[in-house]
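# Architecture at a glance
Here are the chains, one letter per residue:
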Amino acid sequence: MDLNAAAIKNIIFPMLKYAKNNNTLDYLANLNKTQFLPMGEIISVQKEKLRKLLLHCVNNIPAYQTYKEIIPVIEKEPAEALAHFPILTKQQVNDMQDIFIFPDADKSKLIPNRSGGSTGQPVRFYIDRPTSEHSEAARWRALSWWDISIGDKCLMVWGNPLELSNHEKLIYNMKERFLKNIIFVSAYSLNPKSVHKYAGMINTSKPKYFYGYASALHLLAQLVIKNNVQIKHRPKVIVSTAETLYDFQRETIEKAFRCRVINEYGARDAGIIAYECKNGKMHISAENMIVEIVDIETKRPLKSGKSGLVIITDLNNYSMPRLRYQLGDIASLSDETCGCGINLPLIDNVQGREDDIFVSSDGNYVHAVYFCNLARSYPSIRQFQIIQKTRHDLLLKIIKNDPFIESEIMSYIKEIYKVMGHINIDIEYVDAIEPAASGKIRYSKREFPLIV
Ligand SMILES: [Zn+2]
């Protein structure tokens, strides 16, 4: 038995409730109940929270006070009222931050947050303690589907907190190690030498689950396989987050650690949005947020099954509410019900970033994940990056494998033409594909705005 896990679950978390008024455990207990309610009742819980939030917004938040006339609609049909509010972009949040902050909020209790700015557009905003605790509870609820509970030992493969000084880093690592039972592996320190050290760590400390961003977990798995490293301990589950998890990455990670890899769909500026269940479906944290999918161009809500922009309304953040916040990801909603016993609604085809969407010569949208997954059918391609530079130009960077068969590249290109139509494709053979400043490798990117 992991004593540290037991102490965190039974002593530290209950203590935090009294010492710091941390309500994560209470929120978790609620979420554990609501997930089994009939879908209609889950939606009622959601609507009631939305009604309260919208009333708070029109009464107290400067950005939304001009919407007071729709109070009767909010009272009667909050979901319908939500559609009256404009979609909010990251740029607007950055430019007009102050008008979204609740004037009576205790400023000292606001938690400044900044979404990853390495490849996308950074956004500065505040969340409050309840928002963060609700989100944490949603993560623990979903991990419980995989037999993981609060405090269980975790191997976290992540970028180093570079901004911290060495002393702060030490404290950070100790805090993670003892208070949260997290063993931290820096994605920047992964190499053929260090992989033996990390394998030893996995074998002796037996983390119950791994957690990390897709490309870092994939790199660790590749090093394990390539260097024939013995991994004797099998975790319960490996959670991939923060990036699109490509099929080839999932396969390699599952092969290296003989364990199921699942997707967490979360964002720093939206919390835990959805989590994969045992049936491989992504269940939305519906008690915490409303997820809408809207058309990329018209921004009109789309029916289930249609892919579009993900729009989030966080139902817990009263300090800085952001109604209908455009996240920058692409996904579709699903009407299906899942047989796993969890009745939370489903989100499908979460395809990550909006700038992963390419435009074909006849104006169709094509998600670059398609090309990334396709590339894996050609062994001659060791690594690649596909960039749509303009509407008519694609750049394909390839690291050759040994052996290398030219005709494979030609047939890959043919497949790209089939989907992208008449477009110019430049091929560059390179020795390395540089990761972004965050350490993440982007496999695909569109470099021009979608709507001109
Ligand atoms: Zn399910």
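My aim in this report is to walk through the structure given alongside it, one point at a time. (Residues numbered from 1 in each chain as written. Predicted model: local features only at pLDDT ≥ 70, side-chain atom pairs only at ≥ 80, totals over all residues. Heavy atoms only, no water.)

## Here we look at unusual backbone geometry
In this chain, D402 is followed by P403 through a cis amide linkage whose omega measures 5°. Within the secondary structure layout, P403 lies in the loop between β17 (393-400) and α13 (406-420). Notably, R258 is not glycine yet its phi reads approximately 50°, a positive angle. Of note, R258 is situated in the loop between α11 (247-257) and β7 (261-267). The class of R258 is partly exposed, set by a relative accessible area of 39%. For N349, which is not a glycine, the phi torsion comes out positive at approximately 45°. Relative to the assigned elements, N349 resides in the loop between β13 (346-348) and β14 (357-359). Using a relative accessible area of 42% as the deciding quantity, one classes N349 as partly exposed. (Helix = DSSP H or I, 4+ residues; strand = E, 2+ residues; numbered from the N terminus. Buried < 20%, exposed > 50% of the residue type's maximum accessible area, 1.4 Å probe, protein only.)

## What about the sheet that holds strand β9 (residues 282-284)?
Taking strand neighbours across the sheet as the criterion, the 11 strands line up as β4-β3-β5-β6-β7-β8-β9-β13-β12-β11-β10 in an open arrangement whose pairing is mixed. A strand with exactly one partner marks an edge of an open sheet, and here the two such strands are β4 (182-186) and β10 (289-294). Direction aside, the axes of adjacent strands within the sheet are offset by 35° on average. In this sheet, strand β5 (residues 209-213) lies alongside strand β3 (residues 154-158) in parallel orientation, the contact comprising 4 bridges. Residue pairing in the sheet places L155 in a bridge with F210 of β5. Where helix α10 (residues 214-226) meets the sheet, its contacts fall on β3, β5 and β6 (237-241), and the angle it forms with β5 comes to roughly 120°. (Pairing = 2+ DSSP bridges. Axes fitted to C-alpha atoms, helices over the stretch in contact; angles between N-to-C directions. Contact = heavy atoms within 4.5 Å.)

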